[in-house]
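Observations on the model geometry
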Amino acid sequence: METRKLLLGMAVIALGFSSCKDEKKIQAEKSVETYVVYVDSLGKMDSVATKENWESIQATYELRNAEAEAALQNLKDDVKAQERINSSRAKYEELKAKMIAEEEAANQAIIAASPKQRLRDALFGEGKVGNDMNFNWVNAKNILSVYQMFVDTAHKNKDSYTREDWDEVKLMYEALDSRKNTVENEGLTSSDNHKIAGLKLKFAPMYTLNRMGAKSDEMAKAKG
């Protein structure tokens, strides 16, 4: 009798354990399904809505992804579940890369549309110098041509530059000069150095005279 009760008790415990295990598996499968459905829904969203709600989307995704990852602990032998999660993760990463690329493109468009950026593009070439003022692309081999383009462009547009334009030109000129101090020790030839000195002599009076003229024109317009 006692043995029968003991066996019955063990059977009940085993049944309870099995039931608990099944419930965890069912809940894990639901978490995986929720994750997959959520990622699929992102692919169906309007691109404008996706951009506007991207921060919220990222936060929700991180939560769903964490739940799916935890669910896998109860679905260790379920290869299909793992494949579904991996597939959804790949879809999300593709969407994320697209959002990042579009944001960067939009930022670049804003920068390119600014008067200062148009001026920099004209002086150095499109996209060469941005807001970071990075001149590391200038080296001993190309610095003469960079100075040449800079001075030629300033001379060509000297009559149309405003006082603010000339201030920006001067800022760029000083940044280029600073870079020259670095590349002089990187193999700059004496011939190129001599030619650069000539360009600097040409630029200095051109800048002084034309900036003064631009300032005078602005003052005259203000009075008139």
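An account of the accompanying structure is given in this report. If you're wondering where the values come from, they're calculated on a predicted model, not measured in any experiment.

Things to note about the packing of aromatic side chains
- All chains considered together, the criterion is met by 13 aromatic pairs.
- Ring geometry for Phe 124 and Phe 135: centres 5.3 Å apart, planes at 85°, overall edge-to-face. Of this pair, Phe 124 sits in helix α5 (residues 115–124) while Phe 135 sits in the loop between α5 and α6 (143–156), and the two are 11 residues apart along the sequence. The same class applies to Phe 124 and to Phe 135, which are both buried.
- A network of ring pairs unites the aromatic residues Phe 124, Phe 135, Trp 137, Phe 150, Tyr 161, Trp 166, Tyr 173, Phe 203 and Tyr 207 as a single cluster.
- If you follow Arg 64 out to its NZ or CZ, it ends over the ring of Tyr 38, 5.8 Å from the centre.

Points about the side chain of Asn 210
- Within the fold, Asn 210 resides in helix α8 (residues 190–223).
- Setting aside its immediate chain neighbours within four residues, Asn 210 contacts Lys 158, Asp 159 and Trp 166.

What about the packing of α5 against α6?
- Direction vectors running N to C along α5 and α6 enclose 125°, while the axes themselves pass 7 Å from each other. In this view, α5 runs oblique relative to α6, as classed from their interaxial angle. Seen from α5, the contacting residues are Ala 122, Leu 123 and Phe 124; seen from α6, they are Val 146, Met 149, Phe 150, Thr 153 and Ala 154.
- Looking at the contact of α5 with α6, its residues break down into seven nonpolar, one polar and no charged.

A short note on the nonpolar core
- Counting 29 residues, the largest nonpolar core has Leu 123, Phe 124, Phe 135, Phe 150, Trp 166, Val 169 and Phe 203 as the members making the most contacts within it.
- Taken together, the elements giving at least two residues each to this core come down to α5, α6, α7 (163–183) and α8.
- With 19 residues, the next largest nonpolar core counts Tyr 38, Ala 71, Leu 72 and Tyr 92 among its residues.

Notes on the side chain of Asp 192
- On the secondary structure map, Asp 192 appears in helix α8.
- The charged side chain of Asp 192 is buried without a salt bridge, its nearest counter-charge being Lys 195 at 4.8 Å.
- Excluding anything up to four places from it in sequence, Asp 192 contacts Ala 140 and Leu 144.

Section: α7
- Helix length check: α7, at 21 residues, gives a terminal C-alpha distance of 30 Å against a target of 30 Å (1.5 Å per residue), a fit within 8%.
- Of all the residues in α7, the buried ones are Trp 166, Glu 168, Val 169, Met 172, Tyr 173, Ala 175, Leu 176, Asp 177, Arg 179, Lys 180 and Val 183.

Observations regarding the environment of Met 206
- Topologically, Met 206 is positioned in helix α8.
- Overall, Met 206 belongs to the buried group, its relative accessible area being 7%.
- Ignoring sequence-local partners within four residues, the contact set of Met 206 consists of Val 151, Ala 154, His 155, Lys 158 and Trp 166.

What counts as what
Residues numbered from 1 in each chain as written. Predicted model: local features only at pLDDT ≥ 70, side-chain atom pairs only at ≥ 80, totals over all residues. Heavy atoms only, no water. Phe/Tyr/Trp six-rings, centres within 6.5 Å; stacked < 30°, edge-to-face > 60°. Helix = DSSP H or I, 4+ residues; strand = E, 2+ residues; numbered from the N terminus. Buried < 20%, exposed > 50% of the residue type's maximum accessible area, 1.4 Å probe, protein only. Lys NZ or Arg CZ within 6 Å of the ring centre and 35° of its normal. Contact = heavy atoms within 4.5 Å. Axes fitted to C-alpha atoms, helices over the stretch in contact; angles between N-to-C directions. Parallel < 35°, antiparallel > 145°, perpendicular 65-115°, else oblique. Nonpolar A, V, L, I, M, F, W, Y, C, P; charged D, E, K, R; others polar. Core = buried A, V, L, I, M, F, W, Y, C linked by side-chain atoms within 4.5 Å. Lys, Arg positive; Asp, Glu negative; His and termini not counted. Salt bridge = Lys/Arg side-chain N within 4 Å of Asp/Glu carboxyl O. Expected span 1.5 Å × (residues − 1).

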